[in-house]
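# Structural overview
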Amino acid sequence: MLKKIIVCAFIALSFSVVTAQVPNKPIAVDSITVDTTIVGTIVVRTSQEKIKQIPRGVVLTNPRISFNKTKAKIEKFKWFRIPSFWDTTNKLGITLNEVAFINWKAGGNNAVSALGDVRFERNYKFRYVQWNNRLDLRYGLSSQEGEKLRKADDAIKFSSTFAYRRDTISNWYYSVKANFNTQFANGYKYPNRERKISKFMGPGYLFLGAGSSFIPEGKKLNLYISPITQKATFVLDEDLANAGAFGVKKAIKDADGAIIKKGEKTLMEFGFLVTNTWKTKLHENITLDHDLTLYTDYLNSFGNIDIDWELRIGMKVSQFVKATIGTNVIYDDDILFDEIKTDGIVTTPGRPKTQFKQLLGVGLSYDF
């Protein structure tokens, strides 16, 4: 026991002598240089040696914090905003067309036309849900030399689609869709201005149904297929309803032409609806906007397809100047043309025809 105590005391005395003789030098243990002195859990680093020879051209500075070269912040501080899942579009456009002749040998009439176009879009998208809303308003007037003011374009269109998908991988959605179309003012078959052939809610079309939508990511494409769609046609004007315009049941008259039963103001149909909207960029400043609606009725005329196809090409000249080329094709077997009357009695009810409208103009466009 005494021997063990003596050995431990000798080892402790030797260690204290070594550390006392070399207080500021690192200790070499097994050819490994240790640059710290460890006492328990405290680490104390030895002081660094000063540089004796400084190479020419080297400037040493002591690192320190300084605000002498700091400039005041001029820009207003922007607070963090939570990102919105709404995508909004507001467009206002005015298209002008003008033709003037002075001493023109080939002949021609001076003409001017103006068309106003407004579009609002509110689209929501977050993970499984999409809700797209769009409102289009158009109205135009034209005037020719020697003729009265005429209506050139007239449309009110609103669509809303709510879509839900089961996961974030699939591009197919369960959808519910509503479409509504009508016009602002009375329409005439010029030059006859006495008898109107259309007006606000005469007709008005409402589509309401459920189905499936294909909406791929990163593309402005929407394909909607609905095998369950109800179509309602409204003709709220009594004269048009009595005449059986736009497919509603016309009035029943006696031999003298007196109305026994007034015409119905609504026509309800149930059928299959397909709609497709697509917007793409053809060139740097050229865009294409496509809108197609196909509908067929199950009960009355299955296989006869009502078509409403609108195609527009927009060419941006500058920030506010834009040229537009547009077409609109409509076919509806409930809209009849070339009706023939003999002594006030309809002898030939007429037949449906393809309706075509073309637009070409340059005007101002403003997004807000």
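Our subject is the structure listed above.
A brief report on the enclosed structure follows. No experiment lies behind these values; they were computed from the predicted model shown.

This next bit is on the sheet that holds strand β5 (residues 86-99). The strand order around the closed barrel formed by 12 strands is β5-β6-β7-β8-β9-β12-β13-β16-β17-β18-β19-β22, and the pairing between neighbours is antiparallel. For this sheet, the mean angle separating the axes of adjacent strands, direction not counted, is 20 degrees. Pairing analysis gives 10 bridges linking strand β9 (residues 172-182) to strand β12 (residues 204-214), with the strands arranged antiparallel. Residue pairing for β12: K177 is matched across the bridge by G209.

Residue position: T324 is located in strand β19 (residues 321-331). Ignoring any residue separated from it by four or fewer positions in sequence, one finds T324 in contact with R312, I313, L359, L360 and G361.

The description of an aromatic ring pair uses the distance of the two centres, along with the angle that the planes make with each other. With the rule as written, the count across this model stands at 14 aromatic pairs. Here F85 and Y124 contribute two aromatic rings whose centre-to-centre distance is 6.4 Å and whose plane-to-plane angle is 75 degrees, an arrangement assigned as edge-to-face. A residue pair is termed long-range when its members are at least 10 positions apart, and F85 in the loop between β4 (42-45) and β5 and Y124 in strand β6 (residues 111-126) qualify at 39 residues. Judged by relative accessible area, Y124 falls into the partly exposed class, the value being 22%. Three or more aromatic residues joined by ring pairs form one cluster here, namely F85, W86, Y124, F126 and W131.

Here we take up unusual backbone geometry. In this structure, P191 follows Y190 across a cis peptide bond, with omega equal to 10 degrees. With an omega of 10 degrees, the peptide bond between G202 and P203 qualifies as cis. Along the chain, the position of P203 falls in the loop between β11 (196-198) and β12. At R127, a position not held by glycine, the phi torsion is positive, near 55 degrees. Among the structural elements, R127 can be located in the loop between β6 and β7 (129-144). With a phi angle near 60 degrees, F246 is a residue other than glycine that sits in the positive phi range. Counting through the fold element by element, F246 comes out in the loop between α2 (238-242) and β14 (252-253). Taking relative accessible area as the criterion, F246 reaches 15% and is therefore assigned buried.

Conventions and cut-offs
Residues numbered from 1 in each chain as written. Predicted model: local features only at pLDDT ≥ 70, side-chain atom pairs only at ≥ 80, totals over all residues. Heavy atoms only, no water. Pairing = 2+ DSSP bridges. Helix = DSSP H or I, 4+ residues; strand = E, 2+ residues; numbered from the N terminus. Axes fitted to C-alpha atoms, helices over the stretch in contact; angles between N-to-C directions. Contact = heavy atoms within 4.5 Å. Phe/Tyr/Trp six-rings, centres within 6.5 Å; stacked < 30°, edge-to-face > 60°. Buried < 20%, exposed > 50% of the residue type's maximum accessible area, 1.4 Å probe, protein only.

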